[in-house]
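# Architecture and fold: a report
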Amino acid sequence: MSEMQDNVVPHTRVRSLREAIRKVQLGEVERSDVVVELQDTERARLEMLSDEMKDVFKEIPEDDDQFTLQIVPGTTPRLWIDVTSHVVVGGDRKTYRFLKDTRFGRTVLLETAEIDDMADCLTEYIAERILEREKALEGDWLNQRLQDGETKVKAARKSQAWHPVLLFMIAFIVGMLAGIGGLVAYAWFANPL
């Protein structure tokens, strides 16, 4: 028992829960200040990129609502380009990362520290998406025209076609007349007068 008492370190101070809570709160405030500063830095860089893209967004056709140039705050602020793509600032707080969500997962389209390179990439991406949309709309229009044409052809054929009952009646009458004509001819030649 005396060995155990020799190993015990005497506490000169009594622990206080209140002091421990205060110490933890101060640590959290310091961490949150750092996080807020980092988020502010990321947001500022995304706002600079957004300013670079404003002229491009002004040129997008008014009827094309697939794009949004919006910074969404959060743990990681994001500059959304459209529903599936956005730009974030990398871990070094200097690199822009252009990400696109696909059915195969998230893909990095470009990672660069140059704002001009990122703006050029975003401009090309927007141009490609606009052309894809126009092709899809043109395909829809052409498909609709072909369907309308087929509908008109079917309606014309239907209006020109004989009704099946009428066709049957005509065939029956022609067959009956042919039969009567055949009997008269047989009677004429079989019994000469």
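To be clear, the structure that these remarks concern was listed above.
As a starting point, this report considers the structure included with it. Treat the numbers as computed from the prediction; the structure is a model and nothing was measured.

## Re the side chain of Thr 95
- Inspection of the secondary structure assignment puts Thr 95 in the loop between strand 3 (85–89) and strand 4 (96–102).
- Accessibility expressed as a relative area gives 11% for Thr 95, which makes it buried.
- A polar side-chain atom of Thr 95 sits 2.7 Å from a polar atom in the side chain of Asp 92.
- Leaving out residues up to four positions away in the same chain, Thr 95 has contacts with Val 88, Val 89, Gly 90, Glu 111, Thr 112 and Ala 113.

## Here's the deal with the pairing of strand 3
- Most of strand 3 sits out of view: five of its five residues are buried.
- Here strand 3 shows no split at all, with Ser 85, Val 87 and Val 89 on one side and His 86 and Val 88 on the other all buried.
- Where strand 2 (residues 78–82) meets strand 3, three bridges bridge the pair, whose relative direction is antiparallel. Among the inter-strand pairings, Trp 80 is bridged to a residue of strand 3, identified as His 86.
- In this structure, the hairpin formed by strand 2 and strand 3 is closed by a connection of two residues.
- Where strand 3 hands over to strand 4, the hairpin turn is made up of six residues, of which Arg 93 adopts a positive phi near 65°.

What counts and what doesn't
- Residues numbered from 1 in each chain as written.
- Predicted model: local features only at pLDDT ≥ 70, side-chain atom pairs only at ≥ 80, totals over all residues.
- Heavy atoms only, no water.
- Helix = DSSP H or I, 4+ residues; strand = E, 2+ residues; numbered from the N terminus.
- Buried < 20%, exposed > 50% of the residue type's maximum accessible area, 1.4 Å probe, protein only.
- Polar contact = N/O pair within 3.5 Å; in protein donor to acceptor, adjacent residues only side chain to side chain.
- Contact = heavy atoms within 4.5 Å.
- Pairing = 2+ DSSP bridges.

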